[in-house]
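# An overview of the molecular structure
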Amino acid sequence: SKRSQEHAYAIALVQTASHPALDAVREGFLDGLREYMPGQVAVRTYNAQGSIAQAHTIAQQLHTDAGIQAIFAIATPAVQAVSAVE
């Protein structure tokens, strides 16, 4: 997919599951982007719903998406999935 014209960067946020602590990390990261890079970053959020297989599927799809400049992974299974993609 193409990067939005109004944003300089597009990043993907991959979260292993919904959980208060993980949700707080996501919100803190998004708050920081809003504060330090207002209007510059488009964020696509993905949630693996606790499934390691789903985390790997998301990571594989993001790896082939030329519109994504960076991936922010929250929690170990998401980090492992993103780092395992070749």
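Above this text is the structure in question.
This section reports on the structure supplied with the text. All values reported here derive from a predicted model rather than from experimental measurement. (Residues numbered from 1 in each chain as written. Predicted model: local features only at pLDDT ≥ 70, side-chain atom pairs only at ≥ 80, totals over all residues. Heavy atoms only, no water.)

## Let's talk about unusual backbone geometry
Generally, phi is negative for residues other than glycine and the peptide bonds are trans, each holding for most cases. One non-glycine residue with positive phi stands out, namely Gln49, at about 55 degrees. Secondary-structure assignment places Gln49 in the loop between β2 (41-47) and α2 (52-63). Accessibility expressed as a relative area gives 62% for Gln49, which makes it exposed. If you check the backbone angles, Ala75 has positive phi at about 90 degrees while not being a glycine. Here Ala75 is to be found in the loop between β3 (70-74) and α3 (76-84). Judged by relative accessible area, which is 26%, Ala75 ranks as partly exposed. (Helix = DSSP H or I, 4+ residues; strand = E, 2+ residues; numbered from the N terminus. Buried < 20%, exposed > 50% of the residue type's maximum accessible area, 1.4 Å probe, protein only.)

## Quick look at the packing of aromatic side chains
Under the defined criterion, the tally for this structure stands at one aromatic pair. Considering the side-chain rings of Phe29 and Phe72, the 3.9 Å spacing of their centres and the 5 degrees angle between planes classify their relative orientation as stacked. Of the two residues, Phe29 sits in helix α1 (residues 20-36) while Phe72 sits in strand β3, which places them 43 residues apart along the sequence. Using a relative accessible area of 24% as the deciding quantity, one classes Phe29 as partly exposed. (Phe/Tyr/Trp six-rings, centres within 6.5 Å; stacked < 30°, edge-to-face > 60°.)

## Observations concerning the nonpolar core
Side chains of nonpolar character tend, in soluble globular proteins, to be buried together. In terms of nonpolar packing, the biggest core is built from eleven residues, these being Ala12, Val14, Ala48, Ala55, Ile58, Ala59, Leu62, Ile68, Ala78, Ala81 and Val85. Mapped by element, the contributors of at least two residues to this core are β1 (9-15), α2 and α3. The dominant element in this core, judged by the number of residues it contributes, is α2, at four residues. Once residues lying within four places of it in the same chain are set aside, the contact partners of Leu62 are Ala12, Val14, Tyr46, Ile68 and Ile71. In this structure, Ile11, Leu22, Val41 and Ile74 belong to the second largest nonpolar core, which totals seven residues. (Core = buried A, V, L, I, M, F, W, Y, C linked by side-chain atoms within 4.5 Å. Contact = heavy atoms within 4.5 Å.)

## Concerning the environment of Ala8
Looking at where Ala8 falls in the secondary structure, it is placed in the segment before β1. For the pair Ala8 and Gln40, spaced 32 residues apart in sequence, the C-alpha separation works out to 5.1 Å.

## Overview of the side chain of Gln15
With respect to the helices and strands, the residue Gln15 is situated in strand β1. Gln15 sits in the buried class, given a relative accessible area of 1%.

## Looking at the sheet that holds β2
Strands sit in the order β2-β1-β3 across an open sheet of three strands; the sheet is parallel. The open sheet has two free edges, formed respectively by β2 and β3, since each of these has just one partner strand. This sheet shows a mean twist of 20 degrees between the axes of neighbouring strands, independent of strand direction. The sheet contact formed by β1 and β3 spans five bridges and is parallel. (Pairing = 2+ DSSP bridges. Axes fitted to C-alpha atoms, helices over the stretch in contact; angles between N-to-C directions.)

Keep in mind these values describe shape, not function.
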